[in-house]
Amino acid sequence: MKVGLIRCMQTEDMCPATTCFKVMNTKKLAFEGIEEDIEVVGVNTCGGCPGKKAVTRAVEMVKRGADTIVLASCITRGNPIGFACPHAEQMKSAIEKKIGKSINIIDYTH
Ligand code: SF4
């Protein structure tokens, strides 16, 4: 699996994505049961509210080899401050439309 990880720009000053990388490395939580190797081909933020840049950034990661776009839990679950992105669903559906069904989307990490 080749992962393009997208995270919330608002939380990057309080979280260096440590747990996101840990669950990928240990194949826990969102990555439970994945048997193939997990390689991170890129990490980027949503670009800031309202997250429109996440769409083109996901496309760029697919161009660079990602077969799976992962939306970090800071976006969809509000980690680490209990404040999920109000644009998460719209962001996810816009990414889905743009990258097509051949690319998998995982909408949380932990
Ligand atoms: S759009 Fe959502 S994910 Fe992006 S910075 Fe704003 S709150 Fe975070």
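My aim in this report is to walk through the structure given alongside it, one point at a time. Model, not experiment: these values are computed from the prediction. (Residues numbered from 1 in each chain as written. Predicted model: local features only at pLDDT ≥ 70, side-chain atom pairs only at ≥ 80, totals over all residues.)

## A word on the site of the ligand
Around the ligand, the neighbouring residues are Cys8, Met9, Gln10, Cys46, Gly48, Cys49, Pro50, Gly51, Ile75, Cys85 and His87. Classifying every residue of the shell around the ligand by side-chain character gives seven nonpolar, four polar and no charged. (Near = placed C-beta within 6 Å. Nonpolar A, V, L, I, M, F, W, Y, C, P; charged D, E, K, R; others polar.)

## What to know about the sheet that holds strand β2 (residues 39-45)
The strand order across the open sheet formed by four strands is β2-β1-β3-β4, and the pairing between neighbours is parallel. Strands at the two margins of the open sheet, each flanked by one partner only, are β2 and β4 (104-106). Put simply, the sheet's adjacent strands are angled 20° from each other on average, direction ignored. Sheet topology note: the strand β3 (residues 68-71)/β4 ladder contains three bridges and is parallel. When the bridges of β4 are listed, valine 70 appears paired with isoleucine 106. (Pairing = 2+ DSSP bridges. Helix = DSSP H or I, 4+ residues; strand = E, 2+ residues; numbered from the N terminus. Axes fitted to C-alpha atoms, helices over the stretch in contact; angles between N-to-C directions.)

## Let's talk about the nonpolar core
Membership of the largest hydrophobic core comes to 24 residues, with the highest contact counts inside it found for Ile6, Ala54, Ala58, Ile69, Ala72 and Ile75. Within the residue set of this core, elements represented by two or more residues are β1 (2-7), α1 (18-26), α2 (53-63), β3, α3 (73-76) and α4 (88-99). Ranked by the residues each element gives to this core, the list is headed by α2, at five residues. If we ignore the near neighbours within four places in the chain, the residues touching alanine 72 are Leu5, Ile6, Arg7, Cys8, Ala17, Cys20 and Thr109. (Core = buried A, V, L, I, M, F, W, Y, C linked by C-beta atoms within 7 Å. Buried ≥ 20, exposed ≤ 12 C-beta atoms within 10 Å, placed from the backbone. Contact = placed C-beta atoms within 7 Å.)

## Re the environment of alanine 54
Among the structural elements, alanine 54 can be located in helix α2. What makes alanine 54 buried here is the crowd of 30 C-beta atoms within 10 Å. Considering only alpha carbons, one finds alanine 54 and glutamate 96, 42 residues apart in sequence, at a separation of 11 Å. Contacts of alanine 54, omitting those with residues within four sequence positions, involve Ile6, Cys46, Gly47, Met91 and Ile95.

## Considering the environment of valine 3
Mapped onto the fold, valine 3 is located in strand β1. Given 24 C-beta atoms within 10 Å, valine 3 falls into the buried group. Aside from chain neighbours lying at most four places away, what touches valine 3 is Met24, Ile38, Glu39, Val40, Val41, Ala66, Thr68 and Val70.

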